[in-house]
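Descriptive analysis of the structure
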Amino acid sequence: MSEQQENKNYAAAHDDYALTPVPENARRGLLSMSAVMLGFTFFAASMWTGGTLGQGFKLWPDLIIVILAGNLILGGYGALLGYAAAKTNLSTHILSRYAFGSFGSKLPSMMLAITQIGWFGVGVAMFAYPINKFMDIPNLPLILGGGIVMTYTVVVGFKAIEWLSAIAVPAILILGFTSVATAISDTEGGLDTLMNLNPVENMSMAVGIALAVGSFISGATLTPDFVRYARTRRVGVIATIIGFTFGNSLMFIFGAVGATATGMSDIAEVLAQQGLLGAGIALLVLNIWTTNDNALYAAGLGLTNITGLKRVHLVLAAGAVGTILADFLYNNFVSWLVFLSVSLPPIGGIIISDFYLRCKARYPDPAQYAFKHINWAAMAAWATAICVSVISPADGIFSIAPLNAIITAMLAYVLFYKLIYRKEGAALSRSYP
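Residues numbered from 1 in each chain as written. Predicted model: local features only at pLDDT ≥ 70, side-chain atom pairs only at ≥ 80, totals over all residues. Heavy atoms only, no water.

**Focus on the side chain of Thr221**
Residue placement: Thr221 occurs in helix H11 (residues 217–221). Reaching out from Thr221, the side chain makes a polar contact with the side chain of Tyr77 at a distance of 2.8 Å. Only 2.8 Å separates the side chain of Thr221 from the backbone oxygen of Ile217, close enough to count as a polar contact. Setting aside residues up to four positions removed in sequence, Thr221 forms contacts with Tyr77, Leu81, Thr92, Leu112, Leu344, Ile347 and Gly348. (Helix = DSSP H or I, 4+ residues; strand = E, 2+ residues; numbered from the N terminus. Polar contact = N/O pair within 3.5 Å; in protein donor to acceptor, adjacent residues only side chain to side chain. Contact = heavy atoms within 4.5 Å.)

**Looking at unusual backbone geometry**
Geometrically, the link from Trp60 to Pro61 is a cis peptide bond, its omega value of -5° lying close to zero. With respect to the helices and strands, Pro61 occurs in helix H4 (residues 59–88). The phi angle at Tyr17 is positive, at roughly 55°, despite the residue not being glycine. Mapping Tyr17 onto the fold places it in the loop between helix H1 (3–13) and helix H2 (30–41).

**Observations concerning the confidence of the model for the protein**
Caution applies to low-pLDDT parts of the model: their predicted coordinates are not meant to be read in detail. Residues of the protein with pLDDT of at least 70 account for 93%, and the chain-wide mean is 87. Per-residue pLDDT stays below 50 along residues 426–433; that stretch engages in 15 contacts with residues further than four places along the chain or on separate chains. (pLDDT = per-residue confidence, 0-100.)

**Some remarks on the nonpolar core**
Nonpolar side chains in soluble globular proteins tend to be buried together. Core analysis: the largest hydrophobic core is formed by 131 residues, its most contacted members being Phe100, Phe226, Tyr297 and Ile350. Residue contacts for Phe100: discarding those within four places in its chain leaves Ser105, Pro108, Ile347, Ile350, Ile351, His373, Ile374, Asn375, Ala378, Met379 and Trp382. (Core = buried A, V, L, I, M, F, W, Y, C linked by side-chain atoms within 4.5 Å. Buried < 20%, exposed > 50% of the residue type's maximum accessible area, 1.4 Å probe, protein only.)

**Digging into the environment of Ala367**
Structurally, Ala367 can be placed in the loop between helix H19 (345–358) and helix H20 (376–390). Separated by 346 residues in the primary sequence, Ala367 and Pro21 place their C-alpha atoms 9.7 Å from one another.

**What about a nonpolar patch on the surface?**
Residues Trp376, Leu415, Leu419 and Ile420 make up a contiguous nonpolar surface patch of about 420 Å² in total accessible area. The element that contributes the greatest number of residues to the nonpolar patch is helix H21 (residues 401–420), accounting for three residues. Topologically, Leu415 is positioned in helix H21. (Patch = residues over 30% accessible without salt bridge, like charges linked within 9 Å, V, L, I, M, F, W, Y side chains within 5 Å. Areas by Shrake-Rupley, 256 points an atom, 1.4 Å probe, with all protein chains shown as cover. Salt bridge = Lys/Arg side-chain N within 4 Å of Asp/Glu carboxyl O.)

**Observations regarding the environment of Ser46**
Within the secondary structure, Ser46 sits in helix H3 (residues 44–54). The spatial distance from the C-alpha of Ser46 to the C-alpha of Met251 is 5.7 Å, given a sequence separation of 205 residues. There is a polar contact of 2.9 Å between the side chain of Ser46 and the side chain of Asn248.

**Observations regarding helix H7 (residues 139–156)**
The terminal C-alpha atoms of H7 lie 26 Å apart, and with 18 residues this matches the ideal 26 Å at 1.5 Å per residue to within 8%. All buried positions along H7 are accounted for by Leu142, Ile143, Gly146, Gly147, Met150, Thr151, Thr153, Val154 and Val155. In the segment just after H7, Gly157 is the residue with positive phi, at about 115°. (Expected span 1.5 Å × (residues − 1).)

**Remarks on the packing of aromatic side chains**
Tallied over the entire structure, the rule returns 20 aromatic pairs. Ring geometry for Tyr83 against Tyr356: centres 6.2 Å apart, planes inclined by 35°, an arrangement best described as tilted. Highlighted residues: Tyr83 in helix H4 and Tyr356 in helix H19, separated in sequence by 273 residues. With a relative accessible area of 23%, Tyr356 lands in the partly exposed category. Here the aromatic rings of Tyr98 and Phe371 are separated by 4.8 Å at their centres, their planes lie at 70°, and the arrangement is edge-to-face. Taken together, the residues span a long stretch of sequence, with Tyr98 in helix H5 (residues 92–100) and Phe371 in the loop between H19 and H20 at a distance of 273 residues. (Phe/Tyr/Trp six-rings, centres within 6.5 Å; stacked < 30°, edge-to-face > 60°.)

Here it is, written out as structure tokens:
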């Protein structure tokens, strides 16, 4: 067998059902799916965001309210997408073909793929910078080495992500709780003092919740890329809620408690000050590796939807781009968060609206369905939702821009669909099996 043929066989074997439903024999149970979703949401950037929130709110009850509110929004949003994925066993990008059209879906796939490549690059830099700072190892080999290793596990596919998550999740939990315990023991007066410390900065509840939601809204939008492997709909929904509502909240709390105790929002500096440098580096490596793998995996699926090429080859290309741009993305992290909070939530909102409101939670087999080329109702709803997000007020009940975008996208999609495709009416949804 020639080398070229071997490469083709490898790519085909590791395609991970990029364009088709996950077959029954490849689906996973609750323990496996929960580990994958926790590995996805256990991200150092969430700890960093938690550190920022910890400097803007009193630990109890203000910060806990902000964290729970933000992650309940993420969990509910992700669970709606997770149910759709577990029922159809399709990725975000194939689900978007129903809502956006076969060609129209390429635009959200491109947006989501670019975003996840960006997150991958941020993660590679977040892996390299603390090690460089505390161990004086040059950045370049760390970035290159980290990018290569993380890309390789994504090339292997979902199975490698599953194995890595099973190792990383317990380790991250142990290290995170160790950091919290250290923060409490190192503070005079212990937990009571930490809970009653006044914040060093002023931040409104709405801004805090928006930051909490915006920090992982792109991940929640890509929930179907992983939950499509769930054995049942119940498994898919529960695993999603565990990942976002429990897992992401823990990351915020770990970061916030450390920031409250030390006055530093950077989790690497917090751990170093606590005398947990070695453990801290291990936490960062595992934390970043699991989420980066999921981000790059999702990017590969998006690029496959756009190009039709093999997932393995696209993952290699995306990993190389993310690694090369790692330094730039790391140094523009805050602006990246703002960009995410405006442009991505409507994508998931439109998919939710199409699946539940228009099609009554019933999609036909993608191999037998005649997709629209471009669903202009989805495009109009997306543009409308972005505009609403941009003009959201700075304070008050309507100031959580990502939530505004999701709700606007859902309602606008139904309205625009009825206006643009009036002749179809409800007959199309009733024709679904």
